[in-house]
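Residue strings, one per chain:
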Amino acid sequence: MRQSNMNETEINSHKTNNYESILSDLCIANLLYNTGHSLQQLERIAKEVSGSETIVFDQGEKASIENMCSEAQNSDILLNNAAGNFVSPTERLSHRAFDTVVDIVLKGTYNFTLCMGKGWIAQKKTGNILNIVTTYAWTGSGYVVPSAAAKAGILAMTRSLAVEWAKYGIRSNAIAPGPFPTEGAWSRLMPGKLREKYDPSLKVPVGRVGEHQELANLAAYLISDFSAYINGEVVTIDGGEW
């Protein structure tokens with residue numbers, strides 16, 4: 001099962017195609033802000049993957065999350081890919097803006113992790129959690145403080161649950177991607193002329209940004225049995241940028 005933000009849908013479609021060769025059943029979950037647009041994207045992806053199912057939910061409502069987990073009870077993989085951000089001087093952010101990012105990124109992740117994890121433990125099922133964090137979860141970063149704080153929380157949870165839940169046969173790992181531009185996310189983070197002036201590949205030692213298939217390959221590996229001895233690890237894929 002994947003829970004994601006609609007900004008991530010373009011990358012998700014690449015991941016999904018890789019997962020199809022690993023998973024017999026795939027549930028695609030999404031937090032909907034613009035229901036019509038995002039739902040259409042999800043339904044398109046679902047059609048590309050045989051046996052997949054799209055479920056609409058609100059990660060801000062406990063009842064909605066529990067219903068989502070109930071419908072996905074046969075899943076043994078959870079990919080937490082929620083994202084939200086404001087690129088802004090921190091002193092200009094309202095409490096509501098800060099809360100919005102933390103609610104999406106950190107609360108959304110731990111809500112689903114607890115819901116699915118408790119279900120696996122109760123049913124004595126093994127499970128696999130893969131969280132998408134960022135490289136600034138280690139270092140912090142100016143002008144994206146709510147996101148940095150939330151992703152750092154996910155990083156700590158990833159490593160903590162790897163130790164705590166290993167005895168139940170539940171693994172917990174994470175990926176910290178560098179620049180993987182998508183039309184949706186990058187047009188929001190760098191609108192207008194700012195996008196024309198900034199070339200993210202100039203900061204990457206290998207001289208380019210990531211290709212979505214490279215991220216999909218890594219994610220597919222970490223949720224597969226080929227990585228069964230990897231637990232509590234955070235893999236950076238950024239061309240050496242961080």
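Report follows, based on the coordinates.

The rules we used
Residues numbered from 1 in each chain as written. Predicted model: local features only at pLDDT ≥ 70, side-chain atom pairs only at ≥ 80, totals over all residues. Heavy atoms only, no water. Disulfide = S-S within 2.5 Å. Helix = DSSP H or I, 4+ residues; strand = E, 2+ residues; numbered from the N terminus. Buried < 20%, exposed > 50% of the residue type's maximum accessible area, 1.4 Å probe, protein only. Salt bridge = Lys/Arg side-chain N within 4 Å of Asp/Glu carboxyl O. Contact = heavy atoms within 4.5 Å. Phe/Tyr/Trp six-rings, centres within 6.5 Å; stacked < 30°, edge-to-face > 60°.

Quick notes on the state of the cysteines
For the structure on display, the rule yields one disulfide. One disulfide bridge connects C69 with C115, the sulfur atoms lying 2.4 Å from each other. You can see C69 sitting in helix 3 (residues 62-71) and its partner C115 sitting in helix 4 (residues 95-123), a full 46 residues away along the chain. Residue C69 is classed as buried on the basis of its relative accessible area of 7%.

Section: the pattern of salt bridges
Across all of its chains, the model carries three salt bridges by this definition. Ionic pairing is found between D103 and K107, a salt bridge with its closest N-O pair at 3.2 Å. Residue D103 and its partner K107 are both found in helix 4; the two are separated by four residues, about one turn of the helix. Between E214 and R208 there is a salt bridge, and its shortest N-O distance comes to 2.7 Å.

A short note on the environment of A137
With respect to the helices and strands, the residue A137 is situated in helix 5 (residues 136-139). For A137, a relative accessible area of 10% corresponds to the buried category. As a C-alpha pair, A137 and S147 span 10 residues in sequence and 8.5 Å in three-dimensional space. Residues contacting A137, with those up to four places away along its chain left out, are K151, A152 and L155.

Some thoughts on the packing of aromatic side chains
Throughout the structure, instances matching the rule amount to one aromatic pair. Ring geometry for W138 and W242: centres 5.1 Å apart, planes at 25 degrees, overall stacked. Highlighted residues: W138 in helix 5 and W242 in the segment after strand 7 (234-237), separated in sequence by 104 residues. Its relative accessible area of 31% is what places W138 among the partly exposed residues. Overall, the relative accessible area of 54% leaves W242 in the exposed class.

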